Amino acid sequence: MFSRLPFSGILSLSCRMSSTSASVLPTSLLRSTAYVGGSWIRSSDTFPVLDPATGTELLQVADCGPSECREALKAASGAFQAWKEVPSKERSNLLRKWYDLMIQNKEDLAKIITAENGKPTKEALGEIIYAAGFLEWFSEEARRIYGDVISVPLKDRRALVLKQPVGVTAIITPWNFPSAMITRKVGAALAAGCTVVVKPAEDTPLSALALAELAHQAGIPAGVYNVLPCSRQKAPSVGEILCTDPSVAKISFTGSTATGKILLRYAADTVKRVSMELGGHAPFIVFDSADVDKAVAGALASKFRNSGQTCVCTNKFLVQKGIHDVFVKKLSVMMKKELRVGNGFEDGVTQGPLINEKAVEKVEHHVQDAVSQGANIEVGGKRSGVGKNFFEPTLLSNVTAKMVCAREETFGPLAPVIKFDTEEEALAIANSVNVGLAGYFYSQDPAQIWRVAERLEVGMVGVNEGLLSSVECPFGGVKQSGLGREGSKYGIDEYLEVKYVCYGGL
Ligand code: NAD
């Protein structure tokens, strides 16, 4: 069960902070309770949020269960009727205020990300700018929700198309972008006139709650943005309610393909609208004609951001025979020169910890599987001495398409290189997986660029570019990487219904 807290004194009532974290984390934005109906809600159970770099406990956070979940859905349903009728200009202004507050608090928000996710502060700051950008973008898009007038063959009729908000939206997010994966959905949903209940990842609830504090300060009305933290143990029961309750019209999920499939099954009974941003396995192809130095720079950016823990990170490199040896040599030199493993709060660190030990075990398994089948370790290859959640940035050559790392998502700092002969062979290996989120290739042959961009089975292609995410462009995948697109002018459509009005008797 839960109880409402006065808005002040939240920390003194329910936080237990370790002394190391207390010196780094901004207490003004730290919240440990759920945010429901505009109030901070305490739960009888709590769960620990850990610093992945040191293993120390940052905070005990409310472990919400089914009753809090129903309360949050009630708040979101109650707020929906009023929110959808708020003029779009006003919704836009509120989102803009929320954006401004994120920018004003960017350093503090970034510290929270580094503490709970581990990514280096410079990268965390980059995430906050990116995350805030979705609120800014959708504050602008809120005012550009257009309908249509259609000409029909009958004289006495007119046909109109209205765009209306879908309704209460359940949002479930992962830990790898604790802030951006929330704003990319919530910005679009609120702009469209939907209200939301967000269940953040158990590893990184503090960013979601800090965003709630800023939403509150921005004047987002009570019940429009609700946050329900819960432990991994309670995620299935909370998730089931969020995805089956009749009051929920839409589910927007980012996370693994395995969890996405569970939620899709839940959604079926009440035929909810769904957006699914799921796992990836990005190929990075380097053709003989490529500028090798640019390819190496792109490889570093695409592979090692967030220690390899992004859904668009390169999973396997495919390098053509003629350029293979020089690419591997140059990449290994650059990895040794540019990448530094350590605590994300330390200056100069580019590679923070992985999110937990299970993630380290997965990378280790992928390396061991490849090496046992003949792969060569060019760089790294083992756990780092920095701490138990750290793994050395690793480069493997002589990898084959049969090895686990060439078939499954590694989600860590492992760069396996497969040598290939022909364009057809590279495309066959790249397209052999059942997911298709991002893909990258380097070539200076214009005809090849068109061919390969069209034939790669992915939702996003980087041509001579290793970083491709931006607020203005559509993000999403094909195959088992998901359904729908986020960001861009297309993102808001995920939260809008098209209603046709036939106006007769004229
Ligand atoms: P995950 O699927 O384990 O967890 C994601 C979220 O789902 C968390 O909030 C978790 O608590 C929740 N969850 C887990 N089981 C649930 C259940 N039974 N019912 C309801 N909720 C449940 O994924 P993860 O390990 O946190 O994230 C990494 C994955 O996310 C990778 O596969 C990555 O590729 C993917 N990802 C995709 C995108 C994209 O835009 N396509 C972006 C980021 C991450």
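Residues numbered from 1 in each chain as written. Predicted model: local features only at pLDDT ≥ 70, side-chain atom pairs only at ≥ 80, totals over all residues. Heavy atoms only, no water.

## A word on the site of the ligand
Near the ligand, the surroundings consist of 30 residues, among which Thr173, Glu202, Ser256, Thr259 and Glu409 are the closest. Glu277 places a polar side-chain atom, nitrogen or oxygen, 3.3 Å from an oxygen atom of the ligand. Taking Leu278, its main chain carries an N or O atom lying 2.8 Å from a nitrogen atom of the ligand. Protein contact buries 93% of the 850 Å² of open area that the ligand shows by itself. Going through the elements one at a time, helix H7 (180-192), helix H9 (235-244), strand S11 (250-254) and helix H10 (257-269) are the ones with two or more residues in the shell around the ligand. (Near = heavy atom within 4 Å. Polar contact = N/O pair within 3.5 Å; in protein donor to acceptor, adjacent residues only side chain to side chain. Areas by Shrake-Rupley, 256 points an atom, 1.4 Å probe, with all protein chains shown as cover. Helix = DSSP H or I, 4+ residues; strand = E, 2+ residues; numbered from the N terminus.)

## Details of the pairing of strand S20 (residues 460-463)
Of the two faces of S20, the one holding Met460 and Gly462 is buried and the one holding Val461 and Val463 is not buried anywhere. With four bridges joining them, strand S19 (residues 438-442) and S20 adopt parallel strand pairing. Paired with Gly439 across the two strands is Val461, which belongs to S20. (Buried < 20%, exposed > 50% of the residue type's maximum accessible area, 1.4 Å probe, protein only. Pairing = 2+ DSSP bridges.)

## Description of the sheet that holds strand S6 (residues 148-150)
If you trace the three strands from one edge of the open sheet to the other, you get S6-S7-S23, paired in antiparallel fashion. With one partner strand each, in any of the chains shown, S6 and strand S23 (496-503) form the two edges of the open sheet. Between one strand axis and the next, the sheet turns through 25° on average, direction left out of account. Summarising the sheet, S6 and strand S7 (residues 158-165) pair through three bridges and their orientation is antiparallel. Following the sheet pairing, Asp148 is matched in S7 by Val161. (Axes fitted to C-alpha atoms, helices over the stretch in contact; angles between N-to-C directions.)

## Some thoughts on the packing of aromatic side chains
In this structure the tally under the stated criterion is 10 aromatic pairs. With a centroid separation of 4.9 Å and 70° between ring planes, the pair formed by Tyr130 and Phe134 is classed as edge-to-face. Here Tyr130 pairs with Phe134, and both are found in helix H6 (residues 121-141), just four residues apart, close to one helical turn. Accessibility classification places Tyr130 together with Phe134 in one group, the buried group. On the numbers, 6.2 Å between centres and 80° between planes, the contact of Phe287 with Phe441 is edge-to-face. Here Phe287 is found in the loop between strand S13 (282-286) and helix H11 (292-304), whereas its partner Phe441 is found in strand S19, with 154 residues between them in sequence. Take Phe287: its relative accessible area is 1%, and that puts it in the buried class. (Phe/Tyr/Trp six-rings, centres within 6.5 Å; stacked < 30°, edge-to-face > 60°.)

## Some points on the nonpolar core
Side chains of nonpolar character tend, in soluble globular proteins, to be buried together. Among the nonpolar cores identified, the biggest contains 96 residues, and Trp98, Met102, Val186, Leu190, Ile220, Tyr225 and Phe327 are the most heavily contacted of them. Grouped together as the second largest cluster of nonpolar side chains are 31 residues, Phe287, Cys405, Ala426 and Val452 included. (Core = buried A, V, L, I, M, F, W, Y, C linked by side-chain atoms within 4.5 Å.)

## A closer look at the sheet that holds S20
Reading across from one edge, S15-S16-S17-S14-S13-S19-S20 is the order of the seven strands in this open sheet, with mixed pairing throughout. Whereas interior strands pair on both sides, the edge strands pair on one side only; in this sheet they are strand S15 (376-379) and S20. Here the average twist between neighbouring strands, direction ignored, is 25°. Two strands pair when backbone bridges link them, and S13 and strand S14 (residues 314-320) are joined in this way by five bridges, in the parallel orientation. Following the sheet pairing, Ala282 is matched in S14 by Thr314.

## Let's talk about the pattern of salt bridges
In this structure the tally under the stated criterion is 23 salt bridges. Glu202 is paired through a salt bridge with Arg232; the nearest N and O atoms lie 2.7 Å apart. One end of the pair, Glu202, is in the loop between strand S9 (196-199) and helix H8 (205-218); the other, Arg232, is in the loop between strand S10 (225-227) and H9, and 30 residues separate them in sequence. Judged by its relative accessible area of 55%, Arg232 is exposed. (Salt bridge = Lys/Arg side-chain N within 4 Å of Asp/Glu carboxyl O.)

## Digging into the confidence of the model for the protein
Segments scoring low in pLDDT should not have their predicted coordinates read at a detailed level. With 95% of its residues at a pLDDT of 70 or more, the protein has an overall mean of 95. Within the model, pLDDT remains below 50 along residues 5-22, and this stretch shows 36 contacts once partners closer than five positions in the same chain are excluded. (pLDDT = per-residue confidence, 0-100. Contact = heavy atoms within 4.5 Å.)

## With respect to H11
In an α-helix, one full turn covers 3.6 residues, which means residues spaced three or four apart are oriented alike. Taking 1.5 Å per residue as the helical rise, H11 with its 13 residues ought to reach 18 Å, and the 18 Å between its terminal C-alpha atoms agrees with that figure. Residues of H11 that are buried include every one of Val292, Ala295, Val296, Gly298, Ala299, Leu300, Ser302, Lys303 and Phe304, and no others. Taking the backbone nitrogen of Asp293 as reference, a side-chain oxygen 3.1 Å away marks Asp291 as the first, capping residue of H11. In the segment just after H11, Asn306 is the residue with positive phi, at about 55°. (Expected span 1.5 Å × (residues − 1).)

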